[in-house]
Amino acid sequence: MQVFTSVLVLSLCFAAFVYSHIKDYKSRKADSMSSIAQVIGANSISAIDFQDNDAVEKTLIDLQKISPEIINATILDTNNHVFESYTKPGMDSFDFSKGAAKKNITFYQSGYLFVYNTIFDNNEKVGTVCFRVELNELAKIKNTQYSISIIILIVGCGLAFLIGLIVQSYISKPLLSLVHIMKEVSKTGEYKRKVSPVGKDEISTLSLVFNDLMSQILESQKRKDEFIGIASHELKTPLTSIKAYLQVIDSIENVQPQKQYVQKALENVNKLQQLIYDLLDVSKIQSGQLHLNVTSFDMDKLIDETIASFQMVSTGHKIIRAGGSLNQVISADRRRIEQVLMNLLSNAIKYSPGKDKVVVHTEKNSGQLVIQVEDFGIGIEKDEYDKIFERFYRTKNNSILISGFGLGLYICRDIMKRHNGKIWVESESGHTSFYFSLPATSVKSGELANVEKVDNM
Ligand code: ADP
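Rules of the game
Residues numbered from 1 in each chain as written. Predicted model: local features only at pLDDT ≥ 70, side-chain atom pairs only at ≥ 80, totals over all residues. Heavy atoms only, no water. pLDDT = per-residue confidence, 0-100. Contact = heavy atoms within 4.5 Å. Near = heavy atom within 4 Å. Polar contact = N/O pair within 3.5 Å; in protein donor to acceptor, adjacent residues only side chain to side chain. Areas by Shrake-Rupley, 256 points an atom, 1.4 Å probe, with all protein chains shown as cover. Helix = DSSP H or I, 4+ residues; strand = E, 2+ residues; numbered from the N terminus. Nonpolar A, V, L, I, M, F, W, Y, C, P; charged D, E, K, R; others polar. Phe/Tyr/Trp six-rings, centres within 6.5 Å; stacked < 30°, edge-to-face > 60°. Buried < 20%, exposed > 50% of the residue type's maximum accessible area, 1.4 Å probe, protein only. Lys NZ or Arg CZ within 6 Å of the ring centre and 35° of its normal. Pairing = 2+ DSSP bridges. Salt bridge = Lys/Arg side-chain N within 4 Å of Asp/Glu carboxyl O. Axes fitted to C-alpha atoms, helices over the stretch in contact; angles between N-to-C directions.

### Structural notes on the confidence of the model for the protein
Next up, step 1: On average, residues of the protein score 86 in pLDDT, and 95% of them reach the 70 mark or higher.
Next up, step 2: Low pLDDT, under 50, characterises residues 443–457; the predicted model gives this stretch 41 contacts beyond four residues in sequence or across chains.

### A closer look at the site of the ligand
Next up, step 1: Contacts to the ligand come from 20 residues, most closely from Asn347, Tyr351, Arg394, Thr395 and Asn398.
Next up, step 2: With respect to the ligand, the side chain of aspartate 375 contributes an N or O atom lying 2.9 Å from a nitrogen atom.
Next up, step 3: Contact between the ligand and glycine 408: an oxygen atom at 3.2 Å from a main-chain N or O atom of the residue.
Next up, step 4: Contact with the protein chains covers 97% of the free accessible surface of the ligand, which is 530 Å².
Next up, step 5: Among the elements of the structure, α8 (334–350) and α9 (408–418) are those that each provide at least two residues to the shell around the ligand.
Next up, step 6: Per-element accounting of the shell around the ligand gives the leading share, three residues, to α8.
Next up, step 7: Split into classes, the residues belonging to the shell around the ligand amount to nine nonpolar, eight polar and three charged.

### Focus: the packing of aromatic side chains
Next up, step 1: If you walk through the whole model with that rule in mind, you get seven aromatic pairs.
Next up, step 2: Where phenylalanine 107 meets phenylalanine 114, the ring centres are 5.2 Å apart and the plane angle is 15 degrees; that geometry is what we call stacked.
Next up, step 3: Take phenylalanine 114: its relative accessible area is 4%, and that puts it in the buried class.
Next up, step 4: With centroids separated by 6.2 Å and ring planes inclined at 10 degrees, the aromatic side chains of phenylalanine 107 and tyrosine 116 adopt a geometry described as stacked. Here the two residues phenylalanine 107 and tyrosine 116 agree in accessibility, since each one is buried.
Next up, step 5: An aromatic cluster is built from Phe94, Phe96, Phe107, Phe114 and Tyr116, whose rings are joined through pairwise contacts.
Next up, step 6: Its guanidinium or amino end placed over the ring of tyrosine 112, arginine 132 lies 4.3 Å from that ring's centre, counting from NZ or CZ.

### A closer look at the pairing of strand β8 (residues 329–333)
Next up, step 1: Counting buried residues along β8, four of its five residues qualify, which places the element largely inside the surrounding structure.
Next up, step 2: Sheet topology note: the strand β6 (residues 294–298)/β8 ladder contains five bridges and is antiparallel. Residue pairing in the sheet places aspartate 298 in a bridge with valine 329 of β8.

### Some points on the pattern of salt bridges
Next up, step 1: Under the counting rule described, the total for this entry stands at 18 salt bridges.
Next up, step 2: Across the salt bridge formed by glutamate 219 and arginine 223, the nearest N and O atoms sit 3.7 Å from each other. Of the two residues, glutamate 219 and arginine 223 both sit in helix α5 (residues 202–252), four residues apart, roughly one turn of that helix.
Next up, step 3: Accessibility expressed as a relative area gives 35% for glutamate 219, which makes it partly exposed.
Next up, step 4: On the accessibility criterion, arginine 223 (53% relative accessible area) is exposed.
Next up, step 5: A salt bridge links arginine 391 to aspartate 225, with the nearest nitrogen and oxygen atoms 3.0 Å apart. One end of the pair, arginine 391, is in the loop between β10 (368–375) and α9; the other, aspartate 225, is in helix α5, with 166 residues separating them in the sequence. Of the two residues examined, arginine 391 and aspartate 225, each falls in the buried class.

### Focus on the sheet that holds strand β1 (residues 70–76)
Next up, step 1: Strand order in the open sheet formed by five strands is β2-β1-β5-β4-β3, with antiparallel pairing between adjacent strands. The two strands at the open ends of the sheet, each matched to only one other strand, are β2 (82–87) and β3 (105–109). On average, each strand axis in the sheet is inclined to that of its neighbour by 15 degrees, with strand direction left out of account.
Next up, step 2: Bridge analysis of β1 against β2 gives five bridges, and the strand direction is antiparallel. Bridge pairing in β2 links isoleucine 75 to glutamate 84.

### Quick word on the side chain of arginine 132
Next up, step 1: Considering the arrangement of structural elements, one finds arginine 132 in strand β5 (residues 124–134).
Next up, step 2: Only 2.7 Å separates the side chain of arginine 132 from the side chain of asparagine 72, close enough to count as a polar contact.
Next up, step 3: Aside from chain neighbours lying at most four places away, what touches arginine 132 is Glu69, Ile70, Ile71, Asn72, Asp92, Phe94, Phe96, Tyr112, Leu113 and Phe114.

Here's what the structure looks like:
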């Protein structure tokens, strides 16, 4: 852009300069030729009066010595007939009689300068001096001007390009890196990112404003998380009490429809309790307080027990285990791993309405235990594979039809991260599979990421 602007400005400057220089040259040339014509006219008055053609001819020939660019010089009489004429050797003769009606005029035509100057003797016209002047010098001047302009233009462009490069490293580079960070932040939601401002110019001010904005976002997120944490905590105790009373009534009440009402109420209290537990987990993740209670346990046993307890409450879907036993004892937080599996099973059932099965595949692969929960439900678009693991994200195709808060997978991802494991999804042609993998070795508690022996829940 800078180079383009420089080329444009330089070209315009040179065009203006060359135009004014040539115009000035032409006007000076016309003036000087006109003066010569006047002198020749004045010197020829007596020769014309005495019809002395030889004297006029000599004057015209001598003219060549002062101004060799005059290629035709003619003196016309009062009737515009040629009185005497001179043509430079090797040049064409020229008939000036047609232009003789014009008085004292100079003009440029067909690459020549034409001069007509009337000769007066005591205010009486006695003839006209006419010149046709070749403009070789003008052509030379033009060529020189164009060459100089082109050379300066090339040098100017080179300089503009160099300066552009230097300016870019000072202005565009920090600006582009700021834009890059902004894009990353908007994509990843990592508001902890900061830029280090350099210097005291507008870009460094922009960087400071950006950092300030990020701090404000972080602060408001922190306050929101604190509020969620406190609110969920405050709701947990009364809800536990309500649940306990409902369970007591459920155990002693046998009359319908009262028993059915109590069970319905219990069902909804359970859902509410689950949401509160999820919100508490999110709050712990945000504040770095989600700790693991590591024990050693048999993975097959955990999977079978989780499937069995799930099968009891979900009658519509058959939960099938495939892939054989893992025969692996691992060190991990049993309750958290169970939470991940339960979440995936719950989603598999929830998001495959009208289908009748969910399959749990297990395998040991390159030192990893891989557990796959497969359903045949509504599926997930590829561009949402990563987003569903973000907080409060729900896919476009189910957000209205199927209830949920978009917290479960976010918690699962964090639990897997803390176990040095992975969680991911693949969805194609009516099959949706959520996978999670854990190191197959019996890991000592100290080797796990962020592990503490006591879980606060
Ligand atoms: P929730 O189910 O409460 O909305 P999750 O975090 O468990 O929250 O899931 C996030 C989103 O991922 C869900 O809202 C849903 O859109 C999508 N999802 C999860 N599991 C499945 C699945 N098995 N099939 C289709 N979509 C799913």
